[in-house]
Amino acid sequence: VVLGVGLTIAYARYASNATSTMAAQVAPWKVSINNNDIVTTNTFTLEDIEWKDNEYVADGYIAPGREGTLTLEIDPSGSKVAMQYKLEIDETKITNENIRISNVSASTGSVTPVSDGVYTGTIPLEEVVANTKTVLTVTIEWVNTDTDTTNNNDTNTGSASENIQIPIKLTASQLVE
């Protein structure tokens, strides 16, 4: 008698699958310069130079011996990331060497001159989320030097009766270190 025994071993394996969606809230980016949303509009004209009183020059005009300031208000309200900015002033468009940018300063933090006409600064996250506005002040002056050459240049500039156009570019970007 031959007896055959067959033994079958079966292994069972449990398997489960799950799917999910990961959600991450995106940090908003919103920047305005002098109430102009630069995320959607990136070109505008600034004509609000505040001239220091000068008894020899009519209000609203620049002439030798006069100084004025232009303010650029960077408003990060609504953003949730730290920012850096770069201010570029194209001083090559000023044809009279006595008209110059004499200073650039910031109401918060500091402005660092990088090269001729280029300045940088940062706006820390705490100031951004607190909606703290950073005001950049650009000082322009027409230095009064009394030489024949500069007097001729001043006369040519003054008799042209044109507005002096100084291109300014302000770039704001997320601060990533």
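Structure report, in brief. Quick caveat: nothing in here was measured; it's all calculated off a predicted structure. (Residues numbered from 1 in each chain as written. Predicted model: local features only at pLDDT ≥ 70, side-chain atom pairs only at ≥ 80, totals over all residues. Heavy atoms only, no water.)

1. Let's talk about the sheet that holds strand β7 (residues 112-115)
Selection rule: In this description, strands pair whenever DSSP reports at least two bridges between them. The secondary structure listing takes helices from DSSP runs of H or I that are at least 4 residues long and strands from runs of E that are at least 2 residues long, numbered from the N terminus. The angle between two axes is taken between their N-to-C directions and runs from 0 to 180 degrees, where each axis is a line fitted to C-alpha atoms and a helix contributes only its stretch in contact.
As summarised here, the arrangement of the 4 strands in space is β7-β8-β5-β10, forming an open sheet in which the pairing is antiparallel. Two strands lie at the open edges of the sheet, namely β7 and β10 (168-174), each paired on one side alone. Taken pair by pair, the neighbouring strands of this sheet meet at an average axis angle of 25 degrees, ignoring direction.

2. Let's talk about the pattern of salt bridges
How we decide: Salt bridges are identified by distance alone: a Lys or Arg side-chain nitrogen within 4 Å of an Asp or Glu carboxyl oxygen. Note on exposure labels: buried denotes an accessible area under 20% of the residue type's maximum, exposed denotes more than 50%, and partly exposed covers the range between, all computed with a 1.4 Å probe on protein chains only.
For the structure shown, the criterion picks out 3 salt bridges. E67 is the salt-bridge partner of K52, the closest N and O atoms lying 2.9 Å from each other. Of the two residues, K52 sits in the loop between β3 (50-51) and β4 (67-75) while E67 sits in strand β4, which places them 15 residues apart along the sequence. Where D59 meets R66, a salt bridge forms, and the shortest distance between an N and an O atom there is 3.8 Å. Among the residues examined, R66 registers a relative accessible area of 2% and is labelled buried.

3. Notes on the environment of Q165
Looking at where Q165 falls in the secondary structure, it is placed in the loop between α2 (148-160) and β10. The class for Q165 is exposed, based on a relative accessible area of 53%. Remark: the alpha-carbon pair of Q165 and I94, spanning 71 residues in sequence, is separated by 7.6 Å.

4. So, unusual backbone geometry
We note that N34 has phi near 50 degrees; this positive angle belongs to a residue other than glycine. As for its placement among the helices and strands, N34 is situated in the loop between β1 (32-33) and β2 (36-37). Here N34 falls in the partly exposed class, since its relative accessible area comes to 22%. In the Ramachandran plot, N131 falls in the positive-phi region, its phi being about 55 degrees despite a non-glycine side chain. Relative to the helices and strands, N131 is located in the loop between α1 (125-129) and β9 (134-142).

5. So, the nonpolar core
Formally: Put simply, buried Ala, Val, Leu, Ile, Met, Phe, Trp, Tyr and Cys residues joined by side-chain atoms within 4.5 Å make one nonpolar core. By definition, residues are in contact when any of their heavy atoms lie within 4.5 Å.
If you look at the biggest cluster of nonpolar residues, it comprises 23 residues, and the most contacted ones within it are I74, L87, V104, L136 and V138. Counting residues per element, the ones that place at least two in this core are β4, β5 (83-89), β6 (99-106), β8 (118-123) and β9. If sequence neighbours within four positions are ignored, L87 has contacts with L72, V104, G117, V118, Y119, L136, V138, I168, K169 and L170.

Read these as geometric descriptors, not functional statements.
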